[in-house]
Amino acid sequence: MNVMIDTEVWSFSLKAPMKEKFDSEEKYKKALEAHAKAATTIKNTLLNDTVYMSLHQISELYHVLSFRGVRLSSQAVRNYVQNIMDSEEIVKVEVTKKDLIEAMQLSAQSGIHIWDFLCFVPVKKYIDVVHTADEHFKHDVFKKFNIKVINPLDFWTQL
């Protein structure tokens, strides 16, 4: 199967929750569970499927891991992103001018920020499935592409 793994799933898999950031044991355990589910999804998908990433998504992943929420060390993030760039198992897809124009049109049509579309549009013709917890992917604008959306985390986020 050909798969896109949304940036948030990558982030949940790589950023272990820090207990002191939670105001209850229950919330911390839910975060640990999400972390484990995301890590399992990444591992299983990389082992069993072909993963597609737009170059924009790779830069987005770098940003999310380095600068948003709990920040991973810049060296660790650079190494991780370089491993993605070097990986033969992950297909990297450039963002073309045509992709950018389509992403802007879809963003204007849906009211969803352009960043999701710059991850999705370049790879949409190659993929069968998107693993995501981003509520935006439930919007009708994505349904017309007939790509299955699977939420491995069992809750939806919206950024």
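Each remark here, short or long, concerns the structure printed above.
Residues numbered from 1 in each chain as written. Predicted model: local features only at pLDDT ≥ 70, side-chain atom pairs only at ≥ 80, totals over all residues. Heavy atoms only, no water.

1. Structural notes on the pattern of salt bridges
Using the criterion set out here, one finds nine salt bridges in the structure. A salt bridge links glutamate 33 to lysine 37; the shortest N-O distance between them is 3.3 Å. Remark: lysine 37 and glutamate 33 occur in helix H2 (residues 25–48); sequence separation between them is four residues, near one turn of the helix. Residue lysine 37 is classed as partly exposed on the basis of its relative accessible area, which comes to 24%. Between lysine 143 and aspartate 140 there is a salt bridge, and its shortest N-O distance comes to 3.4 Å. Of this pair, lysine 143 and aspartate 140 both sit in helix H7 (residues 140–143), three residues apart, which is roughly one turn of the helix. As far as the burial class goes, lysine 143 and aspartate 140 line up, both exposed. In this structure, a network of salt bridges that share partners links the residues Glu33, Lys37 and Asp154. (Salt bridge = Lys/Arg side-chain N within 4 Å of Asp/Glu carboxyl O. Helix = DSSP H or I, 4+ residues; strand = E, 2+ residues; numbered from the N terminus. Buried < 20%, exposed > 50% of the residue type's maximum accessible area, 1.4 Å probe, protein only.)

2. A look at the environment of leucine 55
Relative to the elements of secondary structure, leucine 55 occurs in helix H3 (residues 55–67). Overall, the relative accessible area of 34% leaves leucine 55 in the partly exposed class. Leucine 55 has contacts with Met85, Lys92, Val93 and Glu94, leaving out every residue within four places of it along the chain. (Contact = heavy atoms within 4.5 Å.)

3. Section: the side chain of histidine 56
Within the secondary structure, histidine 56 sits in helix H3. We classify histidine 56 as buried; its relative accessible area is 15%. Excluding residues that lie within four positions of it along the chain, histidine 56 makes contacts with Val95, Trp115, Leu118 and Cys119.

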